[in-house]
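Here's the letter readout for the chains.
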Amino acid sequence: MTAIEASTPRGSGYRPDIDGLRAVSVTAVLLHHLGASWMPGGFIGVDVFFVISGFLITGIIARESDEGRFSYLTFYERRIRRIYPALLLVLIVTAALAWLLFVPLELRYFGRSLSWTPLFASNFVFMGQTGYFDPDGATKPLLHTWSLGVEEQYYIVFPLLLLGAARFSIDRVKLVGGLVVLSFLASVVSGVLGYADAYFLLPMRLWELGAGALLALRPLDGASERVRSGLGVVGLGLIVLSLFRIDDSMAFPGWVAAGPVIGATLVLASGVGPAARLLATAPFTFIGRISYPMYLWHWPLIVFTQVYFFHPVTPVEGAVIAVATVLLSWGTLVWLETPIRSRGVLARRSRLFATAGVVSLAVVAAGIVTFNTKNLGRWTTPAQAAIAAVQQEGVAIGELCPGVDEGIAGERAPCVIGATGDPAKPISFAILGDSHSRATAGAIADVAREAGRKGLYLGKGGCPPLVGIDQTVGNDLRCAAHVKAALAEIAAQPDITDVIIVARWAWTVTGHDYGRSPARLHAIRSNGRTLGEAERWAVLETSLEATLDALAGRRVHLMASTPEVKFDVPNVVANAMRLGRPVPLGPTRAEHTARQTTSRALLEQAVKGRTWVESVDPADTFCDAERCTVLTPEGPLYMDSDHVSRLGAKRLAPLFAAMLARPTAAPSPETSSTGVGVTSRP
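Values in this document were obtained by computation on a predicted structure and should not be read as measured data.

## Here we look at the overall build of the protein
Looking only at helices and strands, one finds 26 helices and 11 strands in the protein. Taken over C-alpha atoms, the radius of gyration comes to 28 Å for the protein, in line with the 26 Å a tight globule of 682 residues would show. In terms of its C-alpha atoms, the protein occupies a principal-axis envelope of roughly 85 × 55 × 45 Å. Burial status across the protein gives 57% buried among its 682 residues. Counting only contacts in the protein whose residues sit at least 6 apart along the sequence, the fraction spanning at least 24 positions is 80%. If you sum the accessible surface of the protein, you get close to 26,700 Å²; carbon and sulfur atoms cover 63% of it.

Below you can see the structure in the form of C-alpha cells.
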C-alpha cells in the first residue's frame, strides 16, 4: 500500500500503530508547510512515509509471490483503487481553482505539472526548477506530488526485481540490501556535490523505500517483546529528534535522512510497547486513516490561500486550512475512496481501468493544452495582462549577451556592453554581482553608451560577489570559481577604472527570504564547509573585504540592496486588479530599513578604510519618507518580489551616470569612502 494513501486494510494483520505512524508523518508535513518554524524538519514526514510504503508493499508482494498467486493485474488494480480516486479528484479541483486564481504564466506552468501528475512523473517536472524549499514552490499547487511519482516509479520496477530474484534463485535480502547501499551512497554523494535535484529522484530515494522492504523480507521475529518495545521507543524518539534537529539548509536526503528512516524502520519492527500503544490511540489512527487525502489536499489549499490573500499563510488561516484539510480528507475517504476500494463502485476490473484511464487522459490533455496555449487565463483588461506579462519580459542583458548566465567567467563568451560600436575603444568599467546585477546591467549599459563608455558584465545569477563563497541555489553554481575568474579578468584589463557591484545583500547576509514563512536559512559554503548562522557574518565580511581589496587601484561603486517586497509584484498586482481588490502596497520605508539593517552594517564595516570604495544607496530611488513604490503608471518596478523590472532598472541606472561620465583615470588617493546607506546619488 502506498505510503501516503489511506489506512492499512482492516482485518488479519492490521496494525493500528502503522496508521498512527502515518498520522505523525502527515501532521509533520502539514505543520511544516503551514510555517511551523519551531519544527524545521517537518518535511521528513515524507521519508517516514517511504519507509512505511516499502514495508507494507514488499510484504504483500513477497507473501503472494511465495504462495504462487502474485498477479501484476491484481497488484496494479489495488494500486489504482487506492491511489487514483483521491488523486484525480484533487487534480480536477486544483485545476478549477488554478483557472480562477492564477495569472497566465502561473497557469501555463501549472498545466505542465498537471499533465505529468496522473502519469506519476511530476518529480521530473519539478527537478531543474527552483528547489522544493525555494519560495517559488509556494505557487506550485502540485509540487507535493513529486513523492507519488517517486513511489510509483519504484513499484513499476520493484515487483520485477523480487519476482526475478525468486525465478533465478537470487537471495532477495542481499539483492535489496545491495540496492539500498548503492542508493544511500548515491544520495550522500549527491548532497556532497550539491546536486539539489537528487531530492526528486528515485535512485537517491530508493534506499528509504528499501529500508522498509528489507524489514518486510527479514522481520525481527526472533527478538523478545522487551527488545522490540525498546526499539519502538528509540525509533519514535529518532523521528521526533529529526523533526526538531534537521532543517532544509542541510543537504537532503543524504546521510541526514538516515535518522528518520532508521527511526521509522525501528517503529515498524517493534509493533509493541509504549510507542506502539501511543500510536494506536484513536486520535492517531483517525488521522492515519485519512493521511493520504490529507497529503493531497493540504498543499493546494495552502497555495491558493496565499495566492488569494497575497501573503504567506497567517496562523489563523493556517488553522482554517488544517480543519478544512481534515474535513475534506474524511469526506474523500468515506464517499470516494472506501466505496471504490470495497468494490461498491466500479466493482469490475475492466470498468475500473477504463474509468481511471479516461479520466487520467482527460486531465493529461487539459494540462497539455494549458501549457501550450499562451496567454490563457481569465483577464478582463489588456492593462492587467500587460502588468502580469512583466514577469516574462526577461532581463535586457540577456538580449545583449545571450547565454550570459551559462558557465562562469573565463569559460563563457565575454559580455561587452555600452559603447560597443568602436572596436578601438578600451573596456573601462565592469559590473560584478548576482542576479540583481543581471537585472540592472542592461539599463546601466544604456547609460554607458550615452557616456561613451565600454564595459564588461561579469555577474552571475545566484552568486554573490564574495571571494571564496559558494552558494547553492538549486545545483552547485561554482560561485567561488566564478568570482575568482571574474576578479582575474578585471585584473588583466588595466583600462578598467570603475567596477560596479550590485547584489541582494540582505538575502546573502541574513540567509533569509523576506516575508516568507517559514524563514528558511539559505546555506552558503566557504572552502567547502557549510556555514552556521552564528559564523555567517564574520566569514562574509572577510570575503567581501577580500573582493574589495582585489579591486584596489580602481574606483569601486558598491550598491546596497534595492527594497524587497513580500509578494510577486506583477502577478499579485494584476490579480488584485482582476479580482477587484485593493492593490497591495510595497514595504514602508521603516520596513525596508529594518530588512537591510544587518546587511548594511556589514557593508559599512567592509568599506571602512578602503578609500577606493564608494557607496550607492538605491532607497531614495524607490522610496519616499513613508513607503517604497512597486507600481507606477508606466508599469511595475519589479519582475518578481526582489528583482527590478526593466522599468525599475531604468530608475536605478542614473545612480551611475555621474560615475560613467567621469574621466577614465585611476582613482586618486584622496577619494574617501562613505557609509552604505548614507550616500545616495541623485
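## Structural notes on the sheet that holds strand β4 (residues 469–471)
Here we have three strands laid out as an open sheet, ordered β4-β6-β7, and antiparallel in their pairing. Each of the sheet's edge strands pairs with one partner strand only, and the pair in question is β4 and β7 (529–530). Helix α21 (residues 533–550) rests against β4, β6 (524–526) and β7 of the sheet, and its axis sits at about 120° to β4.

## So, the sheet that holds strand β1 (residues 415–418)
Strand order across the open sheet formed by six strands is β1-β3-β2-β5-β8-β9, with mixed pairing between neighbours. Both edges of this open sheet fall to β1 and β9 (613–616), since each of them pairs with a single strand only. In this sheet, adjacent strand axes meet at a mean angle of 25° when their direction is disregarded. Relative to strand β3 (residues 454–457), strand β2 (residues 427–433) is paired through four bridges, and the arrangement is parallel. Considered in β3, the bridge of Ile431 is made with Tyr457.

## Here's the deal with the pattern of salt bridges
Overall, the coordinates contain 23 salt bridges when judged by the stated rule. Close ionic contact of Glu64 with Arg78 constitutes a salt bridge, the shortest N to O distance being 3.2 Å. Of this pair, Glu64 sits in helix α2 (residues 45–66) while Arg78 sits in helix α3 (residues 72–101), placing them 14 residues apart in sequence. Accessibility expressed as a relative area gives 7% for Glu64, which makes it buried. One network of salt bridges, with partners in common, ties together Glu64, Glu67, Arg69 and Arg78.

## Details of a nonpolar patch on the surface
A contiguous nonpolar patch, built from Val189, Val192, Leu193 and Tyr195 and spanning about 390 Å² of accessible area, is present on the exposed surface. As for its position among the elements, Leu193 is in the loop between α7 (172–192) and α8 (206–217).

## Quick look at the state of the cysteines
Considering all chains together, one arrives at three disulfides under this definition. Each disulfide pairs two cysteine sulfurs, and for Cys401 the partner residue is Cys415, the sulfurs being separated by 2.1 Å. Between Cys401 and Cys415, the disulfide has an S-S torsion of 85° and is therefore right-handed. Linking Cys401 in the loop between α17 (396–400) and β1 with Cys415 in strand β1, this pair joins segments that are 14 residues apart in sequence. Shown here is the disulfide that connects Cys463 with Cys479, its sulfur atoms set 2.1 Å apart. The sign of the S-S torsion, about -75°, decides the handedness of the disulfide formed by Cys463 and Cys479: left-handed. Separated by 16 residues along the polypeptide, Cys463 in the loop between β3 and β4 and Cys479 in helix α19 (residues 479–491) bring together distant segments of the chain. Under the relative-accessibility criterion, Cys463 is labelled buried at 1%. Taken in N- to C-terminal order, the disulfide-linked cysteines of the protein are connected 1-2, 3-4, 5-6.

## What about the pairing of strand β5 (residues 498–502)?
With five of five residues buried, β5 is to be regarded as a mostly interior element. Burial of β5 is two-sided: the residues Asp498, Ile500 and Val502 facing one way and the residues Val499 and Ile501 facing the other way are all buried. Where β2 lies against β5, five bridges are found, and the strand directions are parallel. Among the inter-strand pairings, Gly433 is bridged to a residue of β5, identified as Val502.

## As for helix α22 (residues 569–578)
In terms of residue burial, α22 counts as a mostly covered element, since nine of its 10 residues are buried. Packing partners of the buried residues in α22 comprise α3, α4 (104–116), α13 (291–309), α16 (382–389), β10 (631–632) and β11 (635–636). Following α22 by one or two positions, Gly580 adopts a phi angle in the positive range, close to 70°.

## Thoughts on the packing of aromatic side chains
Across all of its chains, the model carries 21 aromatic pairs by this definition. Look at Phe49 and Tyr295: their rings are 6.2 Å apart centre to centre, the planes differ by 80°, and that puts the pair in the edge-to-face class. Taken together, the residues Phe49 in helix α2 and Tyr295 in helix α13 connect sequence positions 246 residues apart. Neither residue differs from the other here; Phe49 and Tyr295 are each classed as buried. Both rings, one in Tyr154 and one in Phe158, keep their centres 4.7 Å apart while their planes meet at 15°; by these two values the pair is stacked. Here Tyr154 and its partner Phe158 are both found in helix α6 (residues 146–167), four residues apart, which amounts to about one turn of the helix.

## Let's talk about the pairing of strand β8 (residues 555–559)
In terms of burial, β8 is a largely internal element, five of the five residues being buried. Burial of β8 is two-sided: the residues Arg555, His557 and Met559 facing one way and the residues Val556 and Leu558 facing the other way are all buried. Examined bridge by bridge, β5 and β8 share five bridges and lie parallel to one another. Bridged to Val502 within β8 is Met559. Summarising the sheet, β8 and β9 pair through four bridges and their orientation is parallel.

## Concerning the environment of Thr139
Within the fold, Thr139 resides in the loop between α5 (122–126) and α6. Exposure remark for Thr139: the relative accessible area of 31% places this residue in the partly exposed category. For the pair Thr139 and Ala388, spaced 249 residues apart in the sequence, the C-alpha separation amounts to 15 Å.

## So, helix α9 (residues 225–245)
For α9, spanning 21 residues, the distance from its first C-alpha to its last is 30 Å, which sits close to the expected 30 Å at 1.5 Å a residue. Residues of α9 that are buried include every one of Ser229, Gly232, Gly235, Leu236, Ile239, Ser242 and Leu243, and no others. Taken down its axis, α9 places every buried residue within 155° of arc, on the same side. Facing away from the buried side of α9 by over 90 degrees, the exposed positions are Arg226 and Arg245. Buried residues along α9 sit in contact with α1 (16–33), α2, α10 (258–270) and α11 (273–279).

## Thoughts on unusual backbone geometry
Backbone phi values are negative for most residues with the exception of glycine, while trans is the configuration of most peptide bonds. Positive phi, close to 65°, is recorded for Phe310, a residue that is not glycine. Tracing the backbone through its elements, the reader meets Phe310 in the loop between α13 and α14 (315–341). For Arg343, which is not a glycine, the phi torsion comes out positive at approximately 65°. Mapping Arg343 onto the fold places it in the loop between α14 and α15 (349–372). On the basis of relative accessibility, which here comes to 42%, the residue Arg343 falls in the partly exposed class.

Cut-offs and rules
Residues numbered from 1 in each chain as written. Predicted model: local features only at pLDDT ≥ 70, side-chain atom pairs only at ≥ 80, totals over all residues. Heavy atoms only, no water. Helix = DSSP H or I, 4+ residues; strand = E, 2+ residues; numbered from the N terminus. Rg over C-alpha atoms; globule rule 2.2 N^0.38 Å. Buried < 20%, exposed > 50% of the residue type's maximum accessible area, 1.4 Å probe, protein only. Contact = heavy atoms within 4.5 Å. Areas by Shrake-Rupley, 256 points an atom, 1.4 Å probe, with all protein chains shown as cover. Pairing = 2+ DSSP bridges. Axes fitted to C-alpha atoms, helices over the stretch in contact; angles between N-to-C directions. Salt bridge = Lys/Arg side-chain N within 4 Å of Asp/Glu carboxyl O. Patch = residues over 30% accessible without salt bridge, like charges linked within 9 Å, V, L, I, M, F, W, Y side chains within 5 Å. Disulfide = S-S within 2.5 Å. Phe/Tyr/Trp six-rings, centres within 6.5 Å; stacked < 30°, edge-to-face > 60°. Expected span 1.5 Å × (residues − 1). Arc of directions from axis to C-beta.

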